[in-house]
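Observations on the three-dimensional arrangement
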Amino acid sequence: MRKRYGRAGRSRRRKQNQILSSVHGVNLSQELGYIQLRRWLKQRGFWDLYLLPAHFSDTGRGLMITKSLKAGNLIISLPVKCLLTTSTVLGSYMGEYIKRWKPQVSPLLALCAFLISERHFGNKSLWKPYIDVLPKTYTCPVYFPEGILNLFPGPLCRNAQEQRSTVQELYISSQPFFLSLQSLFGERVKDVFTHDALRWAWCSINTRTVYMKHPQSEFLSREPDVYALAPYLDLLNHSPGVEVTAAFNEKSQCYEIRTGRDCRRYEQVFICYGPHDNQRLLLEYGFIAGGNPHSVVYIDQDVLQSCLLKEDKQTAQKLSFLMENNFLENLTFGLDGPSWRLLTTLKLLCLGPNEFSCWKKVLLGASVSSENEKMSLNLAERLCCYLMDDNNKAMQKISHRRCNKLDEFKDYLDLVESLRREERRILESSLETLKNLRSAIS
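Cut-offs applied
Residues numbered from 1 in each chain as written. Predicted model: local features only at pLDDT ≥ 70, side-chain atom pairs only at ≥ 80, totals over all residues. Heavy atoms only, no water. Helix = DSSP H or I, 4+ residues; strand = E, 2+ residues; numbered from the N terminus. Buried < 20%, exposed > 50% of the residue type's maximum accessible area, 1.4 Å probe, protein only. UniProt positions renumbered as here; feature names shortened; annotations may be inferred. Pairing = 2+ DSSP bridges. Axes fitted to C-alpha atoms, helices over the stretch in contact; angles between N-to-C directions. Parallel < 35°, antiparallel > 145°, perpendicular 65-115°, else oblique. Left-handed = near helix turned anticlockwise from the far one by under 90°. Contact = heavy atoms within 4.5 Å. Salt bridge = Lys/Arg side-chain N within 4 Å of Asp/Glu carboxyl O. pLDDT = per-residue confidence, 0-100. Domains from an automatic or database assignment. Buried area = accessible area lost by both parts, 1.4 Å probe. Polar contact = N/O pair within 3.5 Å; in protein donor to acceptor, adjacent residues only side chain to side chain. Phe/Tyr/Trp six-rings, centres within 6.5 Å; stacked < 30°, edge-to-face > 60°. Lys NZ or Arg CZ within 6 Å of the ring centre and 35° of its normal.

If you check an unreviewed UniProt entry, the protein chain appears there as SET domain-containing protein 4 from Huso huso.

Further remarks concern unusual backbone geometry. Looking along the chain, the bond that leaves Lys-102 and enters Pro-103 is cis, with omega of -5°. With respect to the helices, strands and loops of the structure, Pro-103 is situated in the loop between helix 4 (95-100) and helix 5 (107-121). Even without glycine at this site, Asn-330 takes up a positive phi of about 55°. For Asn-330, the location among the structural elements is in the loop between helix 14 (315-324) and strand 12 (332-334). A relative accessible area of 54% means that Asn-330 is categorised as exposed.

Glancing now at the UniProt feature "domain: SET" (unreviewed entry) in the protein chain. Mapped onto this structure's residue numbering, the UniProt feature "domain: SET" (unreviewed entry) falls at residues 47-274. The span residues 47-274 shows a helical share of 35% and a strand share of 18%, and its end C-alpha atoms are spaced 28 Å apart.

On to the sheet that holds strand 12. Ordered in space as 11-12-13, the three strands form an open sheet in which the pairing is antiparallel. Taken across any chain shown, the strands that pair with only one partner, and hence form the sheet edges, are strand 11 (297-298) and strand 13 (337-338). Note: strand 12 against strand 13, two bridges, orientation antiparallel. In the sheet register, Gly-334 faces strand 13, and the bridge partner there is Gly-337.

Glancing now at the packing of helix 12 (residues 278-285) against helix 18 (residues 410-441). Running from N to C, helix 12 and helix 18 cross one another at 165°; their axes reach a closest spacing of 11 Å. Taken together, helix 12 and helix 18 sit at an angle that is classed as roughly antiparallel. Here the hand of the crossing between helix 12 and helix 18 comes out left-handed. Of helix 18, the residues touching helix 12 (which contributes Asn-278, Gln-279 and Leu-282) are Leu-415, Leu-419 and Glu-422.

Before going further, it helps to spend a moment on the pattern of salt bridges. Across all of its chains, the model carries 17 salt bridges by this definition. Ionic pairing is found between Lys-347 and Glu-373, a salt bridge with its closest N-O pair at 3.6 Å. Of this pair, Lys-347 sits in helix 15 (residues 340-349) while Glu-373 sits in helix 17 (residues 370-402), and the two are 26 residues apart along the sequence. For Lys-347, a relative accessible area of 17% corresponds to the buried category. One salt-bridge network, held together by shared partners, links Arg-402, Lys-410, Asp-414, Glu-417 and Arg-421.

Should the pLDDT be low somewhere, the predicted coordinates at that spot are not to be read in detail. Within the protein chain, residue pLDDT values average 91, and 94% of them lie at 70 or more. Taken together, the stretch residues 1-5 has pLDDT below 50 and engages in two contacts with residues farther than four places along the chain or on a different chain. The low-confidence segment residues 12-22 (pLDDT under 50) makes nine contacts with residues lying over four places distant or belonging to another chain.

Interface extent is often summarised as the accessible area lost during association of the parts. In terms of domain boundaries, the protein chain breaks down into domain 1 (84-229) and domain 2 (297-441). The centre of domain 1, based on its C-alpha atoms, is set 38 Å off from the matching centre of domain 2. If you look at the interface, domain 1 gives 15 residues, while domain 2 gives 14 residues. In this assembly, domain 1 packs against domain 2 so that about 1200 Å² is buried in total across both faces, 73% of it on carbon and sulfur atoms. Three residues, Ile-148, Leu-151 and Pro-153, lead the burial of domain 1 against domain 2; their summed loss comes to 46% of the area buried on that side. At the junction of domain 1 and domain 2, the tally comes to four residue pairs in polar contact (both at pLDDT 80 or more). Counting only elements with at least two residues in the side of domain 1 that touches domain 2, the list comes to helix 7 (146-149) and helix 8 (154-173).

Further remarks concern the sheet that holds strand 1 (residues 26-27). Either a parallel or an antiparallel arrangement is found when strands of a sheet pair, and the pairing is made through backbone hydrogen bonds. The three strands lie next to each other as 1-2-3, forming an open sheet whose pairing is antiparallel. Strands with a single pairing partner mark the edges of an open sheet, and in this sheet they are strand 1 and strand 3 (60-65). In terms of strand pairing, strand 2 (residues 51-56) meets strand 3 through six bridges, oriented antiparallel. Within strand 3, the position partnered with Phe-56 by the bridge is Gly-60.

With that settled, the discussion passes to the packing of aromatic side chains. Under the criterion given, the structure shown has 17 aromatic pairs. An angle of 10° between the planes, with centres 4.4 Å apart, marks the rings of Phe-178 and Phe-193 as stacked. Placement of the pair is Phe-178 in helix 9 (residues 175-179) and Phe-193 in the loop between helix 10 (189-192) and helix 11 (195-208), with a sequence separation of 15 residues. Classification of Phe-178 by relative accessible area gives buried; the value is 1%. When the centroid spacing of 5.6 Å and the interplanar angle of 85° are considered together, the rings of Phe-185 and Phe-193 count as edge-to-face. What makes Phe-185 buried here is its relative accessible area of 8%. Among the aromatic residues, those joined into a ring-pair cluster are Tyr-93, Trp-101, Phe-114, Phe-121, Phe-177, Phe-178, Phe-185 and Phe-193. Lys-67 extends its terminal NZ or CZ atom over the ring of Tyr-50, reaching a point 4.5 Å from the ring centre. The cationic tip of Arg-119 hangs over the ring face of Trp-200; the distance from NZ or CZ to the ring centre is 4.1 Å.

In structure tokens form, the structure reads like this:
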């Protein structure tokens, strides 16, 4: 007789399945796209039976290892023939056009143009198996509509607007070069090299390339040529706590990644893109990492000034001093409270008329007076409350948009909401830290 578990049992099994799918993932290696990609890579010298594409509930698609790894073991070794670099582009049908063009195109533009062309050529493309598994769209801010972009925290919103401007300026400035490629296409190049196509190629390169320094080509501009698209390897997801070593091995002529810790079989294998906070991850890669120890909340100079006491007649002088010494950048709150840089800046701003000559003591971490300590903590609390108020307003706007069940930008909204929830958690933790600091000096 079949055992009946009831509602509690079903709920327990559902949670267990969620945990298993987040840890072990669902094997995708039998999907046609990945079969063709692995077959194509094998023809170019790469074959790995133990590293399989899989879907994980918490990160989406990634790579799962089917054998245990020890610290120092190779995760992946991708032959140079599998890498898409500017050397690939210069050696292709597009190479002669790039070599003739003046002024010289940048390495980034050369790769963008090649990616767009290869996607357009479809079945005729030598890189079709790779192009087919690339995302069709991205969740980088350059794709966000204006209405959702404005829900970002101030500093991130400005950086996102700069990102959009960068892509727009690249699109406009590249038009003459794109027109020079007309003889490669049966269609008008304006219909091939659209703004949307360039945005897709730019994001593909920005989010998926590995760092690989190349010799300076006489046919490309002097901008750093450090990009390499790495098929299959680029399925590895980021985790902030993972240690790996990654570099191109000149001896083996492969791009290699080695793990810095043991990995159990059937687990997802991660790499680390660097010690980035979630605002940086969202801006550059289009995702945020849960439990990111590097996450912080940034303070704008405008926000800082709005919280200063208006009666302080030395404010302009103090701000000028701080700006000259680059102290108004990277002011942050973290889970452990205000950063040393932020607290030091606030102490300098709270120096009394007779204390300003003691600025060196502040920079060395010495206490100038108990009054200065109290004032700087009060200012930190005002800043924190100001940012909490901004967070609450943003969350209300997000909640209002949630009422529209058919919102086509739900994925973008989910990212903003997750970022804002993390921001609130950091600010609440910082307020508690400030409360304890104030109690300690009372």
